[in-house]
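Notes for the structure review
The primary structure of each chain is shown beneath.
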Protein chains: 2
Amino acid sequence: MSLPHALLTSLLERPSSGYDLARRFDSSMGFFWRASHQQIYRELARMEQAGWVRVDGDSGNARKKVYAVLPAGRAELLRWVAAGGEVPVVRDPLLIRLRADAILGPLDLADQLRDRLADHERRLAAYEAIADRDFGDGDGADRTARVRRAILDAGLRFERNGAQWCREVLAILDDEARAGA
Amino acid sequence: MSLPHALLTSLLERPSSGYDLARRFDSSMGFFWRASHQQIYRELARMEQAGWVRVDGDSGNARKKVYAVLPAGRAELLRWVAAGGEVPVVRDPLLIRLRADAILGPLDLADQLRDRLADHERRLAAYEAIADRDFGDGDGADRTARVRRAILDAGLRFERNGAQWCREVLAILDDEARAGA
DNA sequence: CAACCCATGTAAAAAGTTACATGATTAA
DNA sequence: TTAATCATGTAACTTTTTACATGGGTTG
């Protein structure tokens with residue numbers, strides 16, 4: 001499982017509450033890992049049990065629990081990073097739908113592809129904004145910045161590639177719509 | 001859930017046993033959906049219960065159960081295709097590892113990136129072989145072939161893009177290895 | 001004072017993974 | 001005759017999703 005390690009990484013960057021982490025998993029981190037707040041709260045509780053994190057002296061708000069990584073958590077993260085091995089799973093229902101379309105005949109998927117394209121473009125714009133803000137100045141960058149930039153590039157590439165594919169498929173579907181009209 | 005609909009699509013193409021389906025999910029179909037044989041057998045049993053498929057007169061082998069789609073299954077598939085809506089989840093542990101590397105300092109990830117690159121290249125070669133075999137002759141293709149080709153293109157693009165990204169990241173990591181030596 | 005964001009959880013259901021289990025057929 | 005592949009399943013466990021639940025603080 002990778003969620004606890006994603007959380008450890010985030011907490012090493014900056015001690016945070018479950019709520020803060022949930023928001024980060026919704027936005028910037030969301031493109032390579034997603035998790036609901038329920039998952040995050042449960043996992044934080046487990047990690048505290050395991051002695052990987054502790055609740056810091058909360059700042060101001062009585063309900064807010066700010067977690068920080070303990071040495072055991074750091075060790076566990078390093079162990080997991082070195083272990084490697086998992087291959088990410090790809091699962092795209094839209095491709096199943098396209099396959100059904102190929103077998104059963106035209107199933108009117110152009111709108112769904114347009115939605116997907118808009119999705120890619122929206123995220124691409126968001127990532128480009130982050131790129132401009134955080135890496136805009138150029139290449140006087142240190143190692144940390146270069147690696148972080150590489151992570152962002154994975155997202156940029158993914159969205160650009162996905163958008164371009166959507167356009168190609170739409171060209172096929174729109175073409176036949178014209179021919180059929 | 002999309003697994004039953006992936007199965008319905010496969011069964012519409014050709015009535016098959018759970019074992020056949022499991023093999024297809026391991027190979028050609030594997031790039032956009034994966035499922036273990038346990039999942040598949042359980043799901044086929046549910047689908048039979050629901051009246052979406054039935055066991056065909058088995059051919060020869062007494063143990064083999066060949067499933068075929070019933071009208072209710074076809075209707076369910078069409079309903080699900082039209083419904084749309086899900087956004088595929090992206091979850092890549094390697095990006096979490098890279099993030100840990102950015103925060104904690106060099107964590108020796110070059111080998112893992114080389115493994116990932118080899119993985120992309122291996123799958124790319126497999127998809128290109130399928131492309132040559134099934135779509136090699138050119139563009140005198142009918143609609144079904146064009147849509148099927150579009151599905152394969154999603155895989156080709158994904159692997160090419162992933163491989164290219166790996167090479168970029170390796171350039172960064174190898175660069176600093178040389179500088180550090 | 002209403003609406004919205006902050007903040008944390010519980011419970012149940014669905015989906016996916018891992019381990020275990022069995023037996024037939026086929027090719028070397 | 002032994003090993004590989006065909007063929008189907010059960011059971012236990014883990015992970016993820018969805019629905020439900022509560023209450024404080026802030027701003028218009």
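The following refers to the structure shown. (Residues numbered from 1 in each chain as written. Chains lettered and ligands numbered in written order. Predicted model: local features only at pLDDT ≥ 70, side-chain atom pairs only at ≥ 80, totals over all residues. Heavy atoms only, no water.)

What to know about the protein's contact with DNA strand D
In the vicinity of DNA strand D lie 19 residues, with Q38 and Q39 of chain A together with Y19, R63 and K65 of chain B positioned nearest. Each atom of DNA strand D within 4 Å of the protein was classed as base or backbone; sugar and phosphate made up 54%. Within the side chain of K65 of chain B, one N or O atom sits 2.8 Å away from a phosphate oxygen of DNA strand D. Looking at the surface near DNA strand D, the elements with two or more residues in it are α3 (37-49) of chain A together with α2 (18-26) and α3 (37-49) of chain B. Ranked by the residues each element gives to the surface near DNA strand D, the list is headed by α3 of chain A, at four residues. (Near = heavy atom within 4 Å. Polar contact = N/O pair within 3.5 Å; in protein donor to acceptor, adjacent residues only side chain to side chain. Helix = DSSP H or I, 4+ residues; strand = E, 2+ residues; numbered from the N terminus.)

A look at the interface of chain B and chain A
Of the residues lining the interface, 65 residues belong to chain B; the matching set on chain A comes to 66 residues. Both sides together, the interface formed by chain B and chain A hides about 6,400 Å², and carbon and sulfur atoms give 63% of it. One salt bridge connects D101 of chain A with R143 of chain B, and the closest N-O pair in it is separated by 2.8 Å. At the boundary of chain B with chain A, the tally comes to 26 residue pairs in polar contact (both at pLDDT 80 or more). Counting residues per element, the ones that place at least two in the side of chain B that touches chain A are α1 (3-13), α4 (71-83), α5 (93-104), α6 (110-135) and α7 (143-180) of chain B. Top element by residues in the side of chain B that touches chain A is α7 of chain B. It accounts for 19 residues. Among the residues making up the side of chain B that touches chain A, the classes are represented as 35 nonpolar, 10 polar and 20 charged. (Contact = heavy atoms within 4.5 Å. Buried area = accessible area lost by both parts, 1.4 Å probe. Salt bridge = Lys/Arg side-chain N within 4 Å of Asp/Glu carboxyl O. Nonpolar A, V, L, I, M, F, W, Y, C, P; charged D, E, K, R; others polar.)

Some remarks on the relation of the copies chain B and chain A
Here two copies of a chain appear, and what relates them is a rotation about an axis with a shift along it. Mapping chain B onto chain A leaves a residual RMSD of 0.1 Å; the transformation is a rotation of 180° accompanied by 0.0 Å of translation along its axis. One copy is carried onto the other by what is essentially a two-fold rotation axis. An overlap of 100% is found between the interface residues of chain B and their copies at the interface of chain A, pointing to a shared contact surface. (Least-squares fit on C-alpha atoms with pLDDT ≥ 70 in both.)

What to know about the packing of α1 of chain B against α3 of chain B
Residues and elements named next belong to chain B. Contact pair α1 / α3: the axes reach a minimum separation of 10 Å and the direction vectors enclose 80°. Classed by the angle they form, the pair α1 and α3 counts as roughly perpendicular. Here α1 contributes L3, P4, L7, L8 and L11 to the contact with α3, which in turn contributes Q39, I40, E43, L44 and M47. Across the contact of α1 with α3, the residue classes tally to eight nonpolar, one polar and one charged. (Axes fitted to C-alpha atoms, helices over the stretch in contact; angles between N-to-C directions. Parallel < 35°, antiparallel > 145°, perpendicular 65-115°, else oblique.)

Let's talk about the packing of helix α1 (residues 3-13) of chain A against helix α4 (residues 71-83) of chain A
All names here are of chain A. Where α1 meets α4, the closest approach of the two axes is 10 Å, and the angle between their N-to-C directions is 125°. The orientation of α1 relative to α4 falls into the category oblique. Remark: the crossing between α1 and α4 carries left-handed chirality. Here H5, L8, T9 and L12 of α1 lie close against α4, whose contacting residues are G73, E76, L77, R79 and W80. Taken together, the residues of the contact of α1 with α4 sort by class into four nonpolar, three polar and two charged. (Left-handed = near helix turned anticlockwise from the far one by under 90°.)

Some thoughts on the nonpolar core
Formed by 51 residues in total, the largest nonpolar core has its most connected members in F25, F32 and I40 of chain A together with L98, L113 and W165 of chain B. The dominant element in this core, judged by the number of residues it contributes, is helix α7 (residues 143-180) of chain A, at seven residues. Dropping the residues within four chain positions of it, I40 of chain A is found in contact with L7, G18, L21, A22, F25 and A35 of chain A. Core analysis: the next-biggest nonpolar cluster, separate from the first, contains 50 residues, L109 and V169 of chain A together with A22 and Y127 of chain B among them. (Core = buried A, V, L, I, M, F, W, Y, C linked by side-chain atoms within 4.5 Å. Buried < 20%, exposed > 50% of the residue type's maximum accessible area, 1.4 Å probe, protein only.)

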